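# Commentary on secondary and tertiary structure
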Amino acid sequence: NIFKQLWRSLYSPKSIASYRFAGIGRTILYVFMLSLLASLPAFIHSSSGFSKGAAALEDTIQDLPPFKIANGELQTEQEESAVLEEGHFDVYFDPGETWTANDIELSSDNALAILKKEFVIVSDGKAQILSYELIKGFPVTDKDIAAFTDQADSVKSIVVILWCLTTFMAVASWKIIELSFMGFMAKLIASRFYPKLQYRHFWRLMAYSITLPTVFFMLMDFLETDVIGGATVYWGISFAILYLALKEIPKPKTKQQKIVS
């Protein structure tokens, strides 16, 4: 059961060691489940931020200069950047690349930003980014956005679902790439001591070893708490669990040990 695997991978290196023989299809499904867990905070923040952002944009869209989003970037005759305040929500219009998504996240707890190359929503201090490359080939004007905000309630769920699906696919793709590299590193380091283990075994072991740090960082994201040196902590915990799992795997006997036995 994949949920039992999730539970046992949180505390049992011995169970993780046994999962080296799990089917590749089950392991990939498990990685997708971890990706879904890792994406949950972003889903919640995105939904909340979209609702607030749509309301703020509806009130301020008439005050923005005419613009168009095409070929992956913001196009407008106005070169100066501007900030409009709508209650407790800030709307940034930045054709001049004055700010980055990180700048806006640090400046505003709740904001919506139309930047040169991306769309940013900040909800409760957390930024969600949508690159214009995702809608490349589908030009969007200020009039389109105004029409959209007029019927935001009816299409909100569709937009949120598409946003969440995009986020999930990005997280899952990164997990697969990350695991491929981590599995290679694990084989490079440990294959001398476990010569019978092939790359596919290390990949599976690594997939289950990242369970604890994935759940930990998911909780930190829910609590909106930043972890200092997040990548180092993530990798450190993952390889520590892998080490404990490898210790549960019997090492092959040497020739001298075979003769004595």
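To start, this report covers the structure provided alongside it. Everything numeric in this text was worked out from a predicted model, so none of it was measured. (Residues numbered from 1 in each chain as written. Predicted model: local features only at pLDDT ≥ 70, side-chain atom pairs only at ≥ 80, totals over all residues. Heavy atoms only, no water.)

## Notes on helix 7 (residues 199-209)
Counting buried positions along helix 7 yields nine of 11 residues, so the element is predominantly enclosed. Those residues of helix 7 that fall on the buried side of the exposure criterion are H201, F202, W203, R204, L205, M206, A207, Y208 and S209. (Buried < 20%, exposed > 50% of the residue type's maximum accessible area, 1.4 Å probe, protein only. Helix = DSSP H or I, 4+ residues; strand = E, 2+ residues; numbered from the N terminus.)

## Re the packing of helix 8 (residues 211-222) against helix 9 (residues 230-247)
Closest axis-to-axis distance for the helix 8/helix 9 pair is 8 Å, and the angle between their directions is 145 degrees. Taken together, the residues of helix 9 that come into contact with helix 8 (itself represented by L212, P213, T214 and F217) are G230, V233, Y234, I237, S238 and I241. Tallied by class, residues from the contact of helix 8 with helix 9 come to seven nonpolar, three polar and no charged. (Axes fitted to C-alpha atoms, helices over the stretch in contact; angles between N-to-C directions. Contact = heavy atoms within 4.5 Å. Nonpolar A, V, L, I, M, F, W, Y, C, P; charged D, E, K, R; others polar.)

## Some thoughts on the packing of aromatic side chains
Both the distance between ring centres and the angle between the ring planes are used here to describe each pair of aromatic rings. Throughout the structure, instances matching the rule amount to 10 aromatic pairs. Plain terms: the ring middles of F181 and W235 are 5.8 Å apart, the flat faces sit at 55 degrees to each other, and that makes the pair tilted. Of this pair, F181 sits in helix 6 (residues 152-190) while W235 sits in helix 9, and the two are 54 residues apart along the sequence. By relative accessible area, which is 43% here, F181 ends up partly exposed. A relative accessible area of 27% means that W235 is categorised as partly exposed. Each ring, one from F216 and one from F217, has its centre 5.3 Å from the other, and the planes form 85 degrees; the classification is edge-to-face. Through pairs of rings, three or more aromatic residues link up here, namely Y19, Y30 and Y208. (Phe/Tyr/Trp six-rings, centres within 6.5 Å; stacked < 30°, edge-to-face > 60°.)

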